[in-house]
Amino acid sequence: MAKVTDAVEALARPVVEEQGCTLWDVEYVKEAGVWYLRLYIDKEGGVSINDCEAVSRPVSDLLDAADPIEGSYTFEVSSAGADRALKKPEHFSACMGQEVEVKLYRAMEGRKEWVGVLAGYESGNVTLTAPAGEVTFEKKDVAQVRLYVRI
C-alpha cells in the first residue's frame, strides 16, 4: 500500500493545479495526540485564503470519497510560506541561488544553524555559499533546510 502522503498527493494535485497553484508538500503528522493532514500550496504572487479554500473544499470531498486514511484527522490547506521547508529534490532545484537556513543535528564548527546561498544539492548533501566560503553538509547531519527570511 502506498504511503498516505503519496495517495493524498495523487488525489490533490489535479485540484491544486486546476486552481492555478502548485502542490509544494503533503504532511501527515501526529501532534499532541491528534493526526493532521496538511497540504502546502504555492502560487506565483502568493497564496490567499481564497486559494486555500478553493483547494480545501474539493480535496476534502475527494478524501471523503476515496477514504485513504483510517481514523480521524484534521485537514488543513495553507501556503507553503516564505520560510518553506525544502524536503524534495525538486524543492532544492526550485530554490537554487536563494538564501536558506540549514539546521544540523550536531554542531559543526561550534554552531548548529547556518545561513547562506543554496549552491548545490546532490544525493541529500546540501552545499551553501556562506560568508566564510562554500560549505557542504552531509545528508545524515542535516535536520532541516528552509528558505531564509530576513527581517
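The shown structure was predicted, so the numbers you read here are calculated from the model rather than taken from an experiment.

## What about the sheet that holds strand β3 (residues 74-79)?
In any sheet, the strands associate via hydrogen bonds between backbone groups, in a parallel or an antiparallel arrangement. Pairing in this open sheet of three strands is mixed, and the strands run β1-β2-β3 from one edge to the other. Strands with a single pairing partner mark the edges of an open sheet, and in this sheet they are β1 (22-31) and β3. Strand after strand, the sheet turns through a mean of 20° between neighbouring axes, direction not considered. Judged from the six bridges that link them, strand β2 (residues 34-42) and β3 form a sheet pairing that is parallel.

## Details of the packing of aromatic side chains
One pass over the full model with this rule turns up three aromatic pairs. With centroids separated by 4.5 Å and ring planes inclined at 15°, the aromatic side chains of Y28 and W35 adopt a geometry described as stacked. Classification of W35 as partly exposed rests on a relative accessible area of 32%. Judged by centre distance (3.9 Å) and plane angle (5°), the rings of F92 and Y121 are stacked. With F92 in helix α3 (residues 89-94) and Y121 in strand β5 (residues 111-122), the pair connects residues that are 29 residues apart, well separated along the chain.

## A word on helix α2 (residues 49-66)
Taking 1.5 Å of rise per residue, 18 residues should cover 26 Å, and α2 covers 25 Å from first to last C-alpha, within 8% of that figure. Regarding α2, the residues found buried are D51, C52, V55, V59 and L63. Looking at the packing, one finds that the buried side of α2 touches α1 (4-18), β2 and β3. The backbone nitrogen of N50 has a side-chain oxygen 3.2 Å away, supplied by the residue at the start of α2, namely S48.

## Remarks on the state of the cysteines
Applying the stated criterion across every chain, the model contains zero disulfides. The thiol of C21 is unpaired, and the distance to the nearest cysteine sulfur, on C52, comes to 7.8 Å.

## So, the environment of S60
Secondary-structure assignment places S60 in helix α2. A relative accessible area of 26% places S60 in the partly exposed class. Separated by 75 residues in the primary sequence, S60 and V135 have C-alpha atoms spaced 43 Å apart.

What counts, and at which threshold
Residues numbered from 1 in each chain as written. Predicted model: local features only at pLDDT ≥ 70, side-chain atom pairs only at ≥ 80, totals over all residues. Heavy atoms only, no water. Pairing = 2+ DSSP bridges. Helix = DSSP H or I, 4+ residues; strand = E, 2+ residues; numbered from the N terminus. Axes fitted to C-alpha atoms, helices over the stretch in contact; angles between N-to-C directions. Phe/Tyr/Trp six-rings, centres within 6.5 Å; stacked < 30°, edge-to-face > 60°. Buried < 20%, exposed > 50% of the residue type's maximum accessible area, 1.4 Å probe, protein only. Expected span 1.5 Å × (residues − 1). Contact = heavy atoms within 4.5 Å. Polar contact = N/O pair within 3.5 Å; in protein donor to acceptor, adjacent residues only side chain to side chain. Disulfide = S-S within 2.5 Å.

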